[in-house]
Amino acid sequence: MDLSPTPAQDTFRRELREWLRANLPWEYGVGLPPRFTELDEEVAFLRAWQAKLAAGRWVGVAWPEEHGGRGTGPAEHYIVQEELARARAPELVGRIGINLAGPTLLAHGSEEQKERWLTPILAADDLWCQLFSEPGAGSDLASVSTAATRTDGGWVLNGQKVWTSYAQFADWGICLARTDPDAPKHKGISYLVVDMRAPGVEVRPLVQLTGEAEFNEVFLTDVFVPGDQLVGGLNEGWRVANATLSHERGINPRQLVIHSQLLEELLRLAAQSGAYDDWRLQQRLMEAYVEVRLFQLHNWRTLSRLEKGAEPGPEGSTLKLYWSEMSKRLHDTALAVLGPAAPLWKGAGDNPGDGRWQRSWLYYQAASIFAGTNEIQRNIVGERVLGLPR
């Protein structure tokens, strides 16, 4: 690992910090996003913010210049995430496109596909979703049963997807579908791009523990997908999907941004509430601080691999496993610091954060499930990293 920034990277960081000070919608490093009563209002706000960030060329900085990026390395992309966290900036609503679909298209898409889809991702002109999980194929993703049947000019899709973030706002979806039902399950899958406004696409929001409906079911009924929306070759979907999953489970700047901000808020709350006077809470707060810093170091290790031209690899499962369990411990500590206010919700009196901590605790109970369950991550680490028998 080499953690020493170059002079150019130091300059890059200073320029971004200055831009954020001048352009944030609230005070740098202090303000918080507004509370929205409706998800569509929040998405509209975040789209406007991402467009502003993209206009300053701070989105997708590692992408090639011809596709709207700056042609930098992975380190600069990571610097952007660190600085967004430090500034307490809004997160990017187009993160599926930026972090998953975009890198996969860059690696496996045709030149026509890159030209068509990449640039609109950066300014959130187009939002993307991930049509991978199904009711019978979540952790065992290769068991997808959504069928893509050959027809004139393309394929006809039939099936159901689930846990699809922001599907109700998405313009495009990256979809795994079975194009050869007779092939072994890893061999008969293709990677298709679906127009989320096409006839036959039905999105049904799923209400979560938080009372929000960020996730969705997506029903695909005789949905036509043109032939030029196949990515990476017929029946090559599992290979292409692993590129997507390695980005999802590998270096995770989004979760680092969120948990760095949560840690800062938690320590501030503890200082205000007198929680530091309790030696047991002192120990738990120290553990939260150390674990978030370890998360940062894990990210840097993966970043060092990327800087040397290596792929994230199956070791990304170790990082996903680590941060998901770390997050649950941090949120349990947060509720312990809240003490008698822990059971309260938004609008209740004497509730520090006005329900933000309780909402975050509920949301991150799913951390050990989304992006691959912890059980599956342990299998990947055991079999593909440590070489243990199945």
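The coordinates are above.
Residues numbered from 1 in each chain as written. Predicted model: local features only at pLDDT ≥ 70, side-chain atom pairs only at ≥ 80, totals over all residues. Heavy atoms only, no water.

Draft legend 1. Up close: the overall build of the protein. When helices and strands are counted, the protein shows 11 helices and eight strands. Taking 21 Å as the expected radius of gyration for a compact globule of 390 residues, we find that the protein reaches 21 Å, a close match to that expectation. Along the first, second and third principal axes, the C-alpha set of the protein runs to 70 × 45 × 45 Å. Counting only residues that meet the buried cut, the protein has 50% of its 390 residues in that class. Residue pairs at least 24 apart in sequence account for 72% of intrachain contacts in the protein once pairs closer than 6 positions are excluded. (Helix = DSSP H or I, 4+ residues; strand = E, 2+ residues; numbered from the N terminus. Rg over C-alpha atoms; globule rule 2.2 N^0.38 Å. Buried < 20%, exposed > 50% of the residue type's maximum accessible area, 1.4 Å probe, protein only. Contact = heavy atoms within 4.5 Å.)

Draft legend 2. Expanded view of the packing of aromatic side chains. Under the definition given, this model contains 14 aromatic pairs. Seen in terms of ring centroids, W117 and W128 are 5.9 Å apart; in terms of plane orientation they differ by 90 degrees. Their pairing is edge-to-face. Here W117, found in helix α5 (residues 111-122), pairs with W128, found in strand β1 (residues 128-131); they are 11 residues apart in sequence, far enough to count as distant. Across the pair, W128 and W117 agree in class, each one buried. These aromatic residues form a ring-pair network of at least three members: W323, Y363, Y364 and F370. Positioned over the ring face of Y28 is R21, at 4.0 Å from the centre of the ring. The ring of W58 carries the charged tip of R70 above its face, separated from the ring centre by 4.0 Å. (Phe/Tyr/Trp six-rings, centres within 6.5 Å; stacked < 30°, edge-to-face > 60°. Lys NZ or Arg CZ within 6 Å of the ring centre and 35° of its normal.)

Draft legend 3. Fine view of the pairing of β1. Covered by surrounding structure in β1 are W128 and Q130 together with C129 and L131, the residues of both alternating faces. Relative to strand β4 (residues 172-178), β1 is paired through four bridges, and the arrangement is parallel. Directly across from C129, in β4, lies its bridge partner G173. (Pairing = 2+ DSSP bridges.)

Draft legend 4. Highlighting the pattern of salt bridges. Applying the stated rule across the entire model yields 21 salt bridges. Across the pair R47 and D171 runs a salt bridge, and its minimum N-O distance is 3.8 Å. One end of the pair, R47, is in helix α2 (residues 39-55); the other, D171, is in the loop between β3 (154-161) and β4, with 124 residues separating them in the sequence. Under the relative-accessibility criterion, D171 is labelled buried at 18%. Here E111 makes a salt bridge to K114, at a shortest N to O gap of 3.3 Å. (Salt bridge = Lys/Arg side-chain N within 4 Å of Asp/Glu carboxyl O.)

Draft legend 5. Representation of the side chain of S368 within the structure. Relative to the helices and strands, S368 is located in the loop between α10 (356-363) and α11 (374-385). A polar contact of 2.9 Å, which involves the side chain of S368, links it to the side chain of K328. Aside from chain neighbours lying at most four places away, what touches S368 is K320, S324, K328, T373 and N374. (Polar contact = N/O pair within 3.5 Å; in protein donor to acceptor, adjacent residues only side chain to side chain.)

Draft legend 6. Expanded view of the environment of R359. Note that R359 resides in helix α10. Along the backbone, R359 and L330 are 29 residues apart, and their C-alpha atoms lie at a distance of 14 Å. Setting aside residues up to four positions removed in sequence, R359 forms contacts with T210, E212 and W345.

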